[in-house]
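Remarks on the overall topology
Below, each chain spelled out in residue letters.
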Amino acid sequence: MSTRRRPNFVFVLTDDHASNAIGCYGSAVNATPGIDAIAAAGVRFDRALVENALCTPSRAAILTGTYSHTSSVTTLATHLTNDHETFITSLKAAGYRTAMFGKWHLGHGDRHDPVGFDHWEVLPDQGEYFDPEFYTADGPVRHEGYVTDVITERALAWMADQGDEPYCVLVWHKAPHRPWEPHPRHANLFTDPIPLPPTFYDDYDGRGTPAHHATMRIADYLTDVDLKEDPPAELGYDERARWKYQRYMQDYLRCVAAVDESVHALTDAVRDRGHADDTVTIYASDQGFYLGEHGWFDKRFMYEESLRMPLVLSYPARVPAGQQTAMLTSNVDIAQTILEFAGVDAPPGMQGASLVPMITSPDPEPVRDAHYYRFYEHDDHMHHVWAHYGIRTDRYKLIYYYADGMGLPNTGNMSYPPEWELFDLENDPHELRSVHLDRAYADIRDELTLRLWDLQHELGDTAHPRQTAPEGRTR
Ligand SMILES: [Ca+2]
């Protein structure tokens with residue numbers, strides 16, 4: 001019998017932080033020593049994929065260990081009801097102290113407020129970057145300061161008050177979400193030209209209608225609020241696009257700099273209390289993000305940049321340091337992983353897999369050979385990404401845009417036939433050429449199509465009932 005104490009959990013989640021802006025994932029644009037230190041002390045997941053690349057659904061998937069069709073949290077307008085079991089309710093029932101600080105974005109009020117927490121302080125919806133208001137069990141409270149700092153300070157104060165009982169604290173930042181408002185202390189960072197990603201000038205040739213139809217292009221769709229100043233009037237189209245990219249990335253990366261400081265402060269506090277070995281420290285983002293790849297900002301698509309979430313974890317007592325794994329993992333796996341580390345049984349309805357064997361065994365096995373994705377918000381008025389679902393294996397990705405028969409408001413209410421895309425990620429890692437109609441891939445395509453339907457059936461998704469994003473609910 002092990003006499004090891006049950007671990008503490010410090011789980012930092014950010015909003016829209018792309019792997020391409022994290023040092024240990026090979027960032028060409030910034031450094032994140034705080035986050036990198038977690039990976040160095042533990043494991044970096046290189047194919048951690050989300051089942052729905054949008055804030056609210058991904059948060060529900062992380063908490064409940066279920067897919068969007070099971071939690072019924074499919075869009076930004078569908079909130080988590082508090083009758084769901086989560087890894088928090090399981091930890092609390094097992095004697096853990098639990099707390100939540102920061103961005104919840106899963107609804108408010110009697111049916112949606114956080115449950116299973118001894119203490120919670122959450123931002124209303126997206127929250128504000130400066131002097132943010134928080135909802136608490138005792139009503140709203142406003143704190144002066146910068147949101148990333150305030151969330152960190154509130155969490156540190158709660159952690160310092162804990163005794164010998166194990167605890168789990170969620171430090172869920174708003175940053176680096178749009179509109180990317182950094183703290184003034186970081187205003188001098190990233191003033192040198194930031195390199196462009198190789199697909200910045202992508203014209204979407206080789207893909208179906210949806211990539212052409214989306215309105216996420218940096219050159220055309222960043223707003224005055226996003227950019228905070230006007231481009232110089234004399235710039236031509238391409239020069240203006242590069243100017244906007246630079247402006248966007250400066251603020252985005254400055255917001256990330258504050259996040260990395262937060263991670264430093266939290267891991268320092270754990271170490272200073274002598275709890276480093278017995279603490280599971282997790283850093284993740286609710287999904288990936290486009291940092292100019294394909295010319296875009298934002299997320300939503302099943303393409304790699306938004307499908308892939310950064311996920312690093314350390315637990316020195318049990319997880320060997322310095323690991324990287326390219327095995328397929330999902331945001332629905334996080335809940336069961338936490339519960340297994342805590343020695344707590346997962347509720348039977350959870351649909352992921354514990355990743356503990358994968359990262360503690362000398363001879364790890366994959367937990368799945370295919371990942372299921374579904375994005376439900378069809379053609380919202382700000383981003384115009386079509387609803388789609390698909391399957392990703394180690395090498396291939398098959399996507400089905402199920403826009404058949406749907407009215408598309410900005411194209412004269414026309415209906416479109418469904419469209420497919422198939423990518424060979426080994427030969428085409430940037431997903432620039434769909435091979436769905438390529439005869440050489442016919443067998444792969446047919447095999448993956450069947451596997452997609454099977455996976456949908458196994459997971460209990462009843463495929464595509466129409467879902468549209470209500471106006472005004474776009475992020
Ligand atoms: Ca997000």
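Not measured: the values here are computed from a predicted model.

Calculation rules
- Residues numbered from 1 in each chain as written.
- Predicted model: local features only at pLDDT ≥ 70, side-chain atom pairs only at ≥ 80, totals over all residues.
- Heavy atoms only, no water.
- Buried < 20%, exposed > 50% of the residue type's maximum accessible area, 1.4 Å probe, protein only.
- Helix = DSSP H or I, 4+ residues; strand = E, 2+ residues; numbered from the N terminus.
- Pairing = 2+ DSSP bridges.
- Axes fitted to C-alpha atoms, helices over the stretch in contact; angles between N-to-C directions.
- Parallel < 35°, antiparallel > 145°, perpendicular 65-115°, else oblique.
- Contact = heavy atoms within 4.5 Å.
- Polar contact = N/O pair within 3.5 Å; in protein donor to acceptor, adjacent residues only side chain to side chain.

In the case of a regular strand, side chains alternate between the two sheet surfaces. Counted residue by residue, strand 15 (residues 396-401) has six buried out of six residues, so it is predominantly covered. Residues Tyr396, Leu398 and Tyr400 of strand 15 are buried on one face, and the alternating residues Lys397, Ile399 and Tyr401, pointing to the opposite face, are buried as well. In this sheet, strand 15 lies alongside strand 14 (residues 388-392) in antiparallel orientation, the contact comprising five bridges. In the sheet register, Arg392 faces strand 15, and the bridge partner there is Lys397.

Moving on, we get to the sheet that holds strand 16 (residues 419-424). Taken in spatial order, the four strands make up an open sheet running 13-14-15-16, and their pairing is antiparallel. Unpaired on one side and paired on the other, strand 13 (371-375) and strand 16 mark the two borders of the sheet. With direction set aside, neighbouring strand axes in the sheet form an average angle of 15°.

Okay, the packing of helix 5 (residues 147-160) against helix 9 (residues 237-272) next. Contact geometry for helix 5 and helix 9: axes closest at 9 Å, N-to-C directions at 10°. The angle between helix 5 and helix 9 places the two elements in the roughly parallel class. Each of Thr148, Thr152, Ala155, Leu156 and Met159 in helix 5 lies in contact with helix 9, whose residues at this interface are Ala258, Val259, Ser262, Ala265, Leu266, Ala269 and Val270.

What follows deals with the sheet that holds strand 11 (residues 323-325). Pairing within the open sheet is mixed, and its ten strands lie in the order 7-6-5-4-8-1-9-10-2-11. Looking at the sheet topology across the chains shown, the edges are occupied by strand 7 (139-142) and strand 11. Pairs of neighbouring strands in the sheet enclose a mean axial angle of 15°, with direction left out of account. Alignment of strand 2 (residues 43-45) against strand 11, held across three bridges, turns out to be parallel.

Further remarks concern the environment of Leu63. Tracing the sequence through the fold places Leu63 in helix 2 (residues 55-64). Leu63 sits 216 residues away from Thr279 along the chain, and the two C-alpha atoms are 19 Å apart. Sequence-distant contacts of Leu63, defined by excluding residues within four places in its chain, comprise Leu80, Glu85, Thr86, Phe87, Ile88, Trp104, Leu106, Leu170, Trp172, Ala335 and Met350.

Of note, the bond from Ala175 into Pro176 is cis; its omega dihedral lies within 30 degrees of zero at -5°. In this fold, Pro176 is placed in the loop between strand 8 (167-172) and helix 6 (209-213). Here the residue pair Arg178 and Pro179 is connected by a cis peptide bond, since its omega of 10° sits within 30 degrees of zero. With a phi close to 75°, Asp16 is a non-glycine residue in the positive phi region. Within the secondary structure, Asp16 sits in the loop between strand 1 (8-14) and helix 1 (33-41). We classify Asp16 as buried; its relative accessible area is 0%.

Our next topic: the side chain of His186. Structurally, His186 is set in the loop between strand 8 and helix 6. At 2.7 Å, the side chain of His186 and the side chain of Glu261 are in polar contact. Not counting chain neighbours up to four residues away, the residues in contact with His186 comprise Arg254, Ala257, Ala258 and Glu261.

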